[in-house]
Amino acid sequence: MTQGERRIPARRTVLGAAGATVLSASTAVAAGAGTATAATAHPDHGSGHGRGYRSLPVPTVIGHRGASGYRPEHTLGSYRHALDLGAHVVEQDLVPTRDGHLVCRHENDISGTTDVADHPEFASRRTTKTVDGVALTGWFTEDFTLAELKTLRAKERIPATRQENTLYDGRWTVPTFEEVLRWAEDEGRRRGREIWLHVETKHPSYFRSLGLGLEERLAKLLRRYGRHRANSPVFLQSFEPSSIQRLAKLVDAPGVVLLSGANTRPWDFVQAGDPRTVADLVTPEGLRWIATYAQGIGPTLDLVIPKDAAGRLTTPTTLVRDAHAEGLILHPYTHRNENTFLPAEYRRGTDPTAYGDAFGSLRRYLETGIDGIFADNPDTALLAAEDLTGRG
């Protein structure tokens, strides 16, 4: 998409002092990777002695890749800012390095989210790979050691849409998941509450085929930091049901099956020859099957309220009712404030990068009874939740 001719003034009205805190503190966390503070942590502050996911506010606001509407995604700065804005949960996506470390990137292709293209020493690493049936050309985490990856700096993924976020390009490195776990412990002590994480295994079948299985590595870290229990402040999520099934055998933390478009098939289903589509999984029978090993689903918002050919919201499906009948919670994805991402009736003006009526859009989704929502702008989602519940 193209950059609009005029930027709307004061789009970032929520930054304030929180941004300054991120700039000073998050870089120190990245360097020091979470040294213990002198304060004594309450048992609920960090590692799995809390009250479990049913104790979270409903609707739960999940900072999508942190506060990616305001900071480059999957950086300690983005995660910290999500907490500063009030997010109840902060999301991480996990991919491995060549030497088996789990790092936080939405994709293993890091061409658009790091400055790797500016490093001549890595020019020869650019290659074409087929990941989950899709050919991609770029640089991939599995071709870098952690030490090499740490020489790169994170940057904004969609600069044409979020020009302001480019201000923070180069400020943070790519964090390891272990650094995030230590960071969450420190934040729990500092803020006096447990810090909830929503952790996704990305392309697990692909990485298992490379000898870089994600689940065992993730479970080992969760046990090391005490986040492996049923009441631990962590959700485990994946688009591949078999990954959640595997994790359910390794740890007791709650699992969430992510669900894409109705006509798509999870990649592990494709590989196994399972003919079921997402449309099959959102039937009462499919949901009943998911409930045998998971505690929730993360459907695309279109599975909750479909859009018509003009991009306008139509009538909600029965997914919320049907999932709740099986004891499953729903954490749909992803709400964003910019016009280009909103349903057509909530866009305002002609600039695709300007904010539309995000509150109107959120109201429609939250009124369906979903238990939470992934949001690039967690502050907006929190205000919409307060409007719905009267907690403001």
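Here the structure is shown first, and the text comes after it.
Not measured: the values here are computed from a predicted model.

In this section: the packing of aromatic side chains. One pass over the full model with this rule turns up nine aromatic pairs. Where Tyr79 meets Trp183, the ring centres are 6.0 Å apart and the plane angle is 45°; that geometry is what we call tilted. With Tyr79 in helix H2 (residues 76-85) and Trp183 in helix H4 (residues 177-191), the pair connects residues that are 104 residues apart, well separated along the chain. For the pair shown, Tyr79 and Trp183 are each scored as buried. Through successive ring pairs, a cluster of aromatic residues spans Tyr53, Trp196 and Phe235. Taking the ring centre of Phe144 as reference, the NZ or CZ of Arg125 above it sits at 5.1 Å. Above the ring of Phe341, the side-chain terminus of Arg336 is found at 4.9 Å from the ring centroid.

Bringing the packing of H2 against H4 into the picture now. The N-to-C vectors of H2 and H4 enclose an angle of 30°; their axes lie 12 Å apart at closest approach. As far as their axial angle goes, H4 and H2 are roughly parallel. Viewed along their axes, H2 and H4 form a crossing whose handedness is right-handed. Contact residues: H2 offers Leu76, Tyr79, Arg80, Leu83 and Asp84, while H4 offers Val180, Trp183, Glu187, Arg190 and Arg191. In terms of residue class, the contact of H2 with H4 is built from five nonpolar, no polar and five charged.

Before going further, it helps to spend a moment on the environment of Glu178. Its place among the elements puts Glu178 in helix H4. Along the primary structure Glu178 and Leu102 are separated by 76 residues, whereas in three dimensions their C-alpha atoms are 7.7 Å apart. Not counting the four nearest positions on each side in its chain, Glu178 is found in contact with Leu221, Arg224 and Tyr225.

Rules and cut-offs
- Residues numbered from 1 in each chain as written.
- Predicted model: local features only at pLDDT ≥ 70, side-chain atom pairs only at ≥ 80, totals over all residues.
- Heavy atoms only, no water.
- Phe/Tyr/Trp six-rings, centres within 6.5 Å; stacked < 30°, edge-to-face > 60°.
- Helix = DSSP H or I, 4+ residues; strand = E, 2+ residues; numbered from the N terminus.
- Buried < 20%, exposed > 50% of the residue type's maximum accessible area, 1.4 Å probe, protein only.
- Lys NZ or Arg CZ within 6 Å of the ring centre and 35° of its normal.
- Axes fitted to C-alpha atoms, helices over the stretch in contact; angles between N-to-C directions.
- Parallel < 35°, antiparallel > 145°, perpendicular 65-115°, else oblique.
- Left-handed = near helix turned anticlockwise from the far one by under 90°.
- Contact = heavy atoms within 4.5 Å.
- Nonpolar A, V, L, I, M, F, W, Y, C, P; charged D, E, K, R; others polar.

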